[in-house]
Structures are given as structure tokens and as C-alpha cells.
Amino acid sequence: MTRSKSRREVLLGAAALAGTAALPRAASAGQEKGRIVVGTWGGDYARLLHKNIEEPILIKDGWEVVQDQAGDPERRSKMLAEQRLPRGTSDVQGLSALNMFQMHDAGIVLPIDYGKLKNAGNLLPAMKYPYGIGQIYSGKVAVYNPKLITTAPVSYKDVFDPKHGDKLGIIDIQYQYTLVCAALAAGGKVNDIEPGKKLLLECKNAGMRIYPTNEAFAQGLKSEELGTGVMWKARVVQWQNAGISVDAVAPIEGTLAYVSGFVIPKNAPNKEGGYAYLDAMLDKSAQEAFAVDMGYNPTVSNAVVAPDLNKRIGFTPDEVKKLVDLDYDYMNKYDVDFKEWWDKVLKS
Amino acid sequence: MAANGPKQFQTDEAPTSLLSATMLVGPATVFVAAGLLAPLLILFRYSFNRFDPRRMMVETFSPDNYVKFFADPYYTGVLWTTLRVAALCTLACLVMGLPLAYVLARTQSRFKNVLIMLVVLPLFVGNAVRAAGWMVLFGAKGFLNVTLMWVGVISVPLQLMYTEGAVIAGIIAVNLPYMVLTLQSVIEGINRNVEEAAFSLGANPMTMFRRVLLPLSLPGILAGTILTFILGMNAYATPVLLGGPKFKMMGPLVFGEFQLNNWPFGASVAFVLMTATLGLTATANILVQRRFRR
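About the cut-offs
Residues numbered from 1 in each chain as written. Chains lettered and ligands numbered in written order. Predicted model: local features only at pLDDT ≥ 70, side-chain atom pairs only at ≥ 80, totals over all residues. Helix = DSSP H or I, 4+ residues; strand = E, 2+ residues; numbered from the N terminus. Rg over C-alpha atoms; globule rule 2.2 N^0.38 Å. Buried ≥ 20, exposed ≤ 12 C-beta atoms within 10 Å, placed from the backbone. Axes fitted to C-alpha atoms, helices over the stretch in contact; angles between N-to-C directions. Parallel < 35°, antiparallel > 145°, perpendicular 65-115°, else oblique. Contact = placed C-beta atoms within 7 Å. Nonpolar A, V, L, I, M, F, W, Y, C, P; charged D, E, K, R; others polar. Expected span 1.5 Å × (residues − 1). Domains from an automatic or database assignment. pLDDT = per-residue confidence, 0-100.

K.L.:
Residues and numbers for the overall build of chain B, please.
P.N.:
For chain B, the count of helices and strands is 13 helices and two strands. In summary, chain B has a C-alpha radius of gyration of 25 Å against a globular reference of 19 Å for 294 residues, an excess of more than 25%. Each of the three principal axes of chain B carries a C-alpha extent, and together these read 75 × 60 × 35 Å. Expressed as a percentage of the 294 residues in chain B, the buried residues total 28%.

So this is what it looks like as C-alpha cells:
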């Protein structure tokens, strides 16, 4: 026969149990450095951040990392909505260089103190933005299917040529970069895209196709309804790996660069964690792993990329010299106008 | 009534029923007010602000965003496209859903529950996933084109993807279960004897439908029509995935403006969409009820 427990015994037992349960937590709290909330795109990007940066460097070092996965428009909207709050909900945010500038221009992101990044010395000067760091980069190259386009294009001008008719394709979601590439093809500049608009209209009248997404563009290349266009070199490598017949050429006008980077919001609850994340991103091992896994170029000088991989994803020293960057201020100022023209005139 | 009743009922019942009513209505009201009305009011206020590329949103009170919408044929065109697609989808759902709902309501089959489950089944799959299925069907090398080419009906693939027809087919597939389930529950509540009475008085099936079934099932038709029309007006995934870059409806337009950080204009487009949907729904409701009350 078992004796029923008194209320005091039950309470004592519960207290002892709670105390025991708290022990490992208390012990681990001593080792933990805190939580870093990172806003990032989902899919492969999020997976590779975890595999190459968070797990081997930050978590190992005692940080807890939480990913807030969403498209960059949603995350930018969130940053804007949280702008007036003393404490935001993220410590670091992944954005394209253009969007990093946009958030900086809106006064939302923290100026980077490069003294707090021990890997900053290796960061390429062009990737050292006052308001964020460039993590990876690629360039908008001319792409073509050699089966359909027998003379390889050497320039954006060769791509945006009305003679291609419906074998030329562009991507709806890449309106900003497409407009600038067309401007360079038509003799314009990164801050004067009017000639590009005219050229795009000529191509449209000749039958140019507009694909909604990068994936639909790839599908067009695969089914051979499409012969040429412009795309990130890193993405071309992924398509080649998927068996699509496509080659890439760095255009003679200079390759339009795409930089993906990270910023720290001014109201980040854990700014030190944000800096730790940025520093881990610039680690040699993380940068090399991203080149292998994602096909984008490292932004640090000490990363070593195998020659065969570098031939596919990288650019020659001459091509690197000729990389063209967007005029962020110009693009940001006229972005809505460009999109309205794209929707109302080009797509109509 | 209560005022004329015995005193003890007046004193005992009134506070209790008031308390019960508050308890019943309160949580939902608070939830809706906090979760829907407050954000709507904030968004409505934003729609009168001004967009600035650097500062994103500048506080002001101007109807410029609404003027811009109604003065630009591009935006009014998007609104008309949305209205046309939503109306066509609603009509198609009603025409296809009514016979199906009638059969489901009147069947004595022991598989009735299974049949209802089959109608509900598509709702278990998200809109985007269903649209992906349509993409496989409609693509240049999709099932439909490949089959037609194999049979020899066509020699070059038909352009089915990125057309208004593809969007309409996709939205009908999404909305049809809502129409069928709404109609089925209402028709089930109509006594079968009234139909038999009409037949026994010499009505043919069409007359019985027009004079008996249609007026009695009107609440269900109205509810189903309103539901599918609202869903059609606010469709997002289907127009984006099946309509392609050149096809624009109001839902994707609202999202597009927010993507550009143009919250004031995005908010005004959202309110135009909401007002058009509510206005048309209320008008249709009033007109139909008046017509059948006579």
C-alpha cells in the first residue's frame, strides 16, 4: 500500500524537479553568447548560410542563430515598419547592394564599424560599403544557346539586337538590371537608361519574349524557344550543371555586377551578434564554400577558388577591372518610374 | 415585450442576457477590431500620404494616389480586367456548381460523404501548388499540347500559359468547391416535397427549377456568388503564376507597389479593390433580393 503524498511533499518535489531542469540551461547559458536573428532569402541561400557560416563558425562559437526567411521585399517592408521601434526584430539582413543602399538612404541601417570585423582587412575595397558588406558577387553576362545562336555574342549590343526576334528573352523580375544592360548596349550609361528603353522597345516589336522568373527563362532555354539573353554568371553555372545547353560571355561594355550583401539595422537588438555574423561571412572557409556550393565569387582576397571552378564562375583580371556597378542613387531615385515604364509601356 | 412582462423577469433576465451577449460577441469583436479594423484604418491613412524614393513615405493628406489610379488608363484597365475575370469565374462556378450541388444534396447514395469529401479535397492543396499543376498541363510541352500534337489536332503548341483563359481556368478550379458546398447545404434544407408538389401540379423540371428551387435556394446562391466573387477579385497566386508578366490583376498590383516600397499608392490600390468588391457585392445582394421579393 502506498502512502499518498502530502501537499508539502508534492510542492517540494516539483521545486526540486524544476531546479534540476534548469541546471543544464543555466550551465549552457554561461557558454552561450546570445541570439542572432538573421533575415535572409529562403531556399538554397538559407541552407548554405546555415551549412557554411552558422553551423561551423557561429554555433560552434556559442551563438544561437535564428533565420527569418522571406523574400527581400517582405523583409525590407518589415524593416521599414519597424523603423520607429527602439528594438527591431532582426540583427542582420541580407539584401542586394541596391537594396542595401535603399535601406541606408532611408536611414534604417547602421554605419559599419570595420574595426569590429577581424576579417575586414581581406574584404575587397569595392565590397566595403559604408553601410554594409558585400558577401558574394557575380555579373550579368551575355548567355546564349550555341545550337541556336551560331555566332557567339561578345557584347550586350549583340544580345539586345532586334535581329534575334523571339529568340531573345528577358526576365520580368530583373527589370532594373535589364534596363541598365540595354542602356549599355545602346550606348547609354548606368545613370542614363533612356537609350536602353528605346532599344528594348525595338526588340519588343521584333518579338522579344518576357519571362516572369529566372526559372521560366531557364525553361525557355531548355526547350529552345529562346536563344539568348542576359543572366548572372553564377546562375549560368547552375543551369550548365542541370544539363541546359548554354554558354556565357563577359560583354565588352563591361559586366554589370550583382552584389549580395548584409546590413545591420539601426535598431538591431543584438548589434554585437550582427557584427559577429558579418565577420563569420568574411571567413576564408565560408567564402570558399559559397563559391563551390552557389557559384558566386568570394569578396575576400584570401579565399582560394580552384582554377577549374574559377574558370566557370570567375572573371579574368581584365574583366574584373571592367565590372560595372549600378548607380545606386540614380536607380533608387527613379525605381518606381522605371517599373511603371516597364509595366505600362514595355509589357503592354 | 420585456418592459410589459412580470417584474421579476425584467430585473433577473436583462443583466444576464446582456452579459451573455457580451461574452458571446466580445472575443470575436475584439479580435476583428484589433486584427482587421485597426490595420485597415492605418492603411487607409497611409493611402493619403506621399511616396518619396528617399524617405519612402511622407506624411500629408492628399487624394493624389486615388487621382493617379483613376486618371491612368493602365490602372483602370487592371481594375476592369479584375472585375471581368472575377465575374466570369463566378458565373462559371455558379453554372457548373449548381447541378453538382443539387445532385450532392439529393443523392441517397451511401457514398454521399465520400462525394462531398471529393469536392472538399482540392482545398487541402494550396493555390500555388494547384497553379503549378495547371502549369504542367498548359505548358508548351505540357500534357495538353503534347496530347493534341500526338493525336494530330495541332502541329505547333498552343499558347495556353500566360493567357487570361489560363487564369480563369485556374481561379474556377480554386473557387468551385466553395460554391458547391454553399449551395449544397442550402439545397439540402429545401424540402423535397415542394419539388414533388410542383411536378404534381404539372410543372416541367425547368419550370420547377425557375419557380421553386431557384427562389428557395437564393440565399445559398447569393452566399456562394459573393464568396466566389470576393475570392476571384482578390486572387493572387493564380494570376501571377498562370497569367505571366503581361497579365495584371489588382491583387498582384497591390503587392507590386509594396515591393517598390510605394506604400501610399499600394494602400490606395488596396482600398480601391476593397471598395469595388464590397460595393459590387452589396449592390448585387440588394438587386437580387428585390427582384425575387416581388
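K.L.:
Outline the packing of helix H4 (residues 97-105) of chain A against helix H14 (residues 328-346) of chain A, supporting the account with residue identities and numerical values.
P.N.:
For any two helices packed against each other, the geometry is given by the interaxial angle and the distance between the axes. Residues and elements named next belong to chain A. Taken N-terminus to C-terminus, the directions of H4 and H14 make an angle of 75°; their axes are 10 Å apart at the nearest point. Relative to H14, H4 is oriented roughly perpendicular. On H14, the residues touching Ala97, Leu98, Phe101, Gln102 and Asp105 of H4 are Tyr328, Met331 and Asn332. The residue makeup of the contact of H4 with H14, split by class, is five nonpolar, two polar and one charged.

K.L.:
So what's going on with H14 of chain A? Residues and values would help.
P.N.:
Residues and elements named next belong to chain A. Here H14 contains 19 residues, and its C-alpha end-to-end distance of 23 Å is more than 12% below the 27 Å for a straight helix at 1.5 Å per residue. Within the span of H14, buried status applies to Met331, Asn332, Trp342 and Leu346. Tucked into the core, H14 has its buried residues touching H4, helix H6 (175-185) and helix H7 (194-205).

K.L.:
So what about the interface of chain A and chain B? Which residues, and what values?
P.N.:
Interfaces are often sized by the accessible area lost when the parts come together. Counting from both sides, the interface comprises 18 residues of chain A and, opposite them, 16 residues of chain B. Counting residues per element, the ones that place at least two in the side of chain A that touches chain B are helix H3 (72-81) and H14 of chain A. With six residues, H14 of chain A is the single largest residue contributor to the side of chain A that touches chain B. Looking at the side of chain A that touches chain B residue by residue, the class counts come to six nonpolar, three polar and nine charged.

K.L.:
Describe in detail the domain arrangement of chain A, supporting the description with residues and values.
P.N.:
Residue and element names in this part refer to chain A. Under the domain assignment, chain A is made up of domain 1 (33-136 + 259-314) and domain 2 (138-257 + 326-346). Here the C-alpha centroids of domain 1 and domain 2 sit 27 Å apart. Tallying the contact residues gives 12 residues for domain 1 and 11 residues for domain 2. Looking at the side of domain 1 that touches domain 2, the elements with two or more residues in it are H4 and helix H12 (307-313). Looking at which element gives the most residues to the side of domain 1 that touches domain 2, the answer is H4, with five residues.

K.L.:
Describe the confidence of the model for chain B, listing the residues and the values that go with them.
P.N.:
Residue and element names in this part refer to chain B. Confidence in the prediction for chain B averages 90 pLDDT; 94% of positions are at 70 or higher. Every residue in residues 1-5 is under pLDDT 50, and counting partners more than four places away or in other chains gives three contacts. Model confidence for the complex is summarised by a pTM of 0.80, with the ipTM given as 0.76.

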